[in-house]
Amino acid sequence: MPKMTFINPDGSEKEVEAPNGLSVLEIAHKNDVDLEGACEGSLACSTCHVIVAEEWFDKLAEPEEEEEDMLDLAFGLQQTSRLGCQIIMSDDLDGLKVHVPSETRNIG
Ligand code: FES
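Residues numbered from 1 in each chain as written. Predicted model: local features only at pLDDT ≥ 70, side-chain atom pairs only at ≥ 80, totals over all residues. Heavy atoms only, no water.

Undergrad: Please explain the sheet that holds strand S2 (residues 13-17) as it appears in this structure.
TA: Pairing between the strands of a sheet is mediated by backbone hydrogen bonds and can be parallel or antiparallel. Overall, mixed pairing links the 5 strands, which are arranged S2-S1-S5-S3-S4 in an open sheet. Edge strands, defined here as strands with exactly one partner in the open sheet, are S2 and strand S4 (81-83). Here the average twist between neighbouring strands, direction ignored, is 35 degrees. In terms of strand pairing, strand S1 (residues 3-7) meets S2 through 5 bridges, oriented antiparallel. (Pairing = 2+ DSSP bridges. Helix = DSSP H or I, 4+ residues; strand = E, 2+ residues; numbered from the N terminus. Axes fitted to C-alpha atoms, helices over the stretch in contact; angles between N-to-C directions.)

Undergrad: Help me out: how do you make sense of the packing of aromatic side chains in this one?
TA: Aromatic ring pairs are defined here through the distance separating the ring centres and the angle between the ring planes. For the coordinates displayed, the defined rule picks out 0 aromatic pairs. Directly above the ring of Trp56 sits Lys59, whose terminal nitrogen or CZ lies 4.9 Å from the centroid. (Phe/Tyr/Trp six-rings, centres within 6.5 Å; stacked < 30°, edge-to-face > 60°. Lys NZ or Arg CZ within 6 Å of the ring centre and 35° of its normal.)

Undergrad: So what exactly am I meant to see when it comes to the side chain of Ser23 here?
TA: By the secondary structure assignment, Ser23 is in the loop between S2 and helix H1 (24-30). We classify Ser23 as buried; its relative accessible area is 4%. Setting aside its immediate chain neighbours within four residues, Ser23 contacts Gly84, Cys85, Ile87 and Ile88. (Buried < 20%, exposed > 50% of the residue type's maximum accessible area, 1.4 Å probe, protein only. Contact = heavy atoms within 4.5 Å.)

Undergrad: So what exactly am I meant to see when it comes to the pattern of salt bridges here?
TA: When their charged atoms lie close together, side chains carrying opposite charge are able to pair. For the coordinates displayed, the defined rule picks out 2 salt bridges. We note a salt bridge from Glu13 to Lys97, for which the minimum N-O separation is 3.6 Å. Here the residue Glu13 occupies a position in strand S2, and Lys97 occupies one in strand S5 (residues 96-99), the gap between them amounting to 84 residues. (Salt bridge = Lys/Arg side-chain N within 4 Å of Asp/Glu carboxyl O.)

So this is what it looks like as structure tokens:
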């Protein structure tokens, strides 16, 4: 089973099992990672925002336009930001690392 790692705002890391076909948001919820995901993956919020580790960013499928639009509203947007509900786990992403953004609203 693939694995992925969440990196918390305080720098602590949590490696979890990441079944193929589940989104990063679903995996976070299964493992008590603090990602909100208010709209449950329907691209109507930006609370599932994660910052993908640079070495992984290029391996992900390109974001849809709707995702880009929503991301623009995310707090603390970074160059490798994505919406967690749109990253779907597959064998190719085994080892994926994403940062959970801090809730501070005054970054960036
Ligand atoms: S959970 Fe709302 S856009 Fe991802």
